[in-house]
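Structure assessment
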Amino acid sequence: MVAAGAACGDGSAGGEGGDGQIVLGFSQVGAESGWRTANTKSVQDSAAEAGIELKFADAQQKQENQIKAIRNFIAQRVDVIAFSPVVESGWDTVLKEAKDAQIPVILTDRAVDSQDESLYETFIGSDFVLEGRLSGEWLVEEFADEPGPVHIVELQGTTGSAPANDRKEGFGEAIAADPKFEIIASQTGEFTRAKGKEVMEAFLQAHQDIDVLFAHNDDMGLGAIEAIEAAGLTPGADITIITIDAVRDGMQALADGKINFIAECSPLLGPQLMELVEQVHAGEPVPKRVVTEETTFTQEQAKEVLPTREY
Ligand code: GYE
């Protein structure tokens, strides 16, 4: 039944799929991390569940691919466009094109820095500054009795992305509470395990005195753990490790004592996204910002929740 909508070449106004289905064009960042894999599955499963026809495009971490995908969606006259912007800046032109074509746009997961908020309907995703701040606050508390200096290395996410910018900002704010905390090296690991490992190897070679690693996601932290172990050090003991996401592999490493603290970032945005798609398509008002609810995990808490964790 549903397959009829896939061709979508009937030139019908509004781009509706077979049986009057809503057609959603979704441009995903890529497949860089465990978080992203869980997010893609959530979007695909929820679209199927809601009976929404999903046109899915993978941008392979490149903004130019996302712009191309959005232009394709406009040309195909999909009903709604959703995308997770790989970086924050440089979207105004293509967003204006969607607006002129009267196709509503929903930002999912990551924000854009456009001044003109009329270019999109709503933004659903986490509070990345808060995630960074919670990570930093845990560290300040954990090292309260240490004399210092406390030497921190930071693995940043994709350069220019909202989660990299905001997590850095929130963490920096929290550790500013005490001048003994010093970020001695900070570099992008592009949110991937391979790059996290590579950059951590370089950090370890350049610095003998690393106390703490703050990684902007679990995957980079997991890559860094490999580098730390290869250098003959014990992750979680010789170097305190803080990450963000709380995907399965990260939670396992936390339960195993190799990571010390994780701030959660939920990838399960699909169900709420589909609700927003339906509302926007029906012309109903939606809140301009929908914030995902999240928590944090210590090693003990990870052991408790791991058996029932969904992703
Ligand atoms: O934390 C990271 C992923 O945008 C929140 O992107 C997302 C981030 C997530 O690659 O693992």
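Here is what the cut-offs are and how they apply
- Residues numbered from 1 in each chain as written.
- Predicted model: local features only at pLDDT ≥ 70, side-chain atom pairs only at ≥ 80, totals over all residues.
- Heavy atoms only, no water.
- Axes fitted to C-alpha atoms, helices over the stretch in contact; angles between N-to-C directions.
- Helix = DSSP H or I, 4+ residues; strand = E, 2+ residues; numbered from the N terminus.
- Parallel < 35°, antiparallel > 145°, perpendicular 65-115°, else oblique.
- Left-handed = near helix turned anticlockwise from the far one by under 90°.
- Contact = heavy atoms within 4.5 Å.
- Nonpolar A, V, L, I, M, F, W, Y, C, P; charged D, E, K, R; others polar.
- 1 Å grid on protein atoms, 1.4 Å probe; cavity = no way out; pocket = protein on both sides within 12 Å on 5 of 7 lines; lining within 4 Å.
- Points joined across faces, edges and corners; volume = space filled by probe spheres on them.
- Core = buried A, V, L, I, M, F, W, Y, C linked by side-chain atoms within 4.5 Å.
- Buried < 20%, exposed > 50% of the residue type's maximum accessible area, 1.4 Å probe, protein only.
- Domains from an automatic or database assignment.
- Polar contact = N/O pair within 3.5 Å; in protein donor to acceptor, adjacent residues only side chain to side chain.

A look at the packing of helix H7 (residues 193-206) against helix H8 (residues 218-230)
The contact between H7 and H8 brings their axes to 7 Å, and the two run at 45°. The angle between H7 and H8 places the two elements in the oblique class. For H7 against H8, the interelement crossing comes out right-handed. Judged by residue contacts, Arg-193, Gly-196, Lys-197, Met-200, Glu-201 and Leu-204 of H7 engage Asp-219, Met-220, Leu-222, Gly-223, Ala-224, Glu-226, Ala-227 and Ile-228 from H8. A breakdown of the residues in the contact of H7 with H8 according to their chemical character gives 7 nonpolar, 2 polar and 5 charged.

Some remarks on the layout of surface pockets
Of the pockets and cavities examined, the largest pocket occupies roughly 240 Å³. Around the largest pocket, the lining residues are Gly-34, Thr-37, Ala-38, Lys-41, Ser-42, Asp-45, Ser-46, Val-247, Leu-268, Pro-271, Glu-310 and Tyr-311. Broken down by element, the lining of the largest pocket gets its largest block of residues, 7 residues, from helix H2 (residues 34-50). When grouped by side-chain class, the residues that make up the lining of the largest pocket number 5 nonpolar, 4 polar and 3 charged.

Here we look at the nonpolar core
Residues Ile-81, Phe-83, Trp-91, Val-105, Leu-139, Ile-152 and Ile-242 are the most contacted members of the largest nonpolar core, which totals 44 residues. Of the residues forming this core, the biggest block, 5 residues, is contributed by helix H3 (residues 63-75). Mapped onto the domain boundaries, this core takes at least three residues apiece from domain 1 (18-125 + 267-292) and domain 2 (128-265). Each residue touching Phe-83, except ones within four places of it in the same chain, is listed here: Ser-27, Gln-66, Ile-70, Trp-91, Leu-95, Val-105, Ile-106, Leu-107, Thr-108 and Val-112. Ranked by size, the runner-up nonpolar core spans 29 residues in total, among them Val-153, Ile-210, Leu-222 and Ile-225.

Examining the environment of Thr-243
Structurally, the position occupied by Thr-243 is in strand E9 (residues 240-245). For the pair Thr-243 and Ile-259, spaced 16 residues apart in sequence, the C-alpha separation works out to 7.6 Å. Residues within four places of Thr-243 in sequence aside, it is in contact with Ala-215, Asn-217, Asp-218, Gly-221, Ile-259, Phe-261, Ile-262 and Ala-263. Side chain to side chain, Thr-243 and Asp-218 meet in a polar contact 2.8 Å long.

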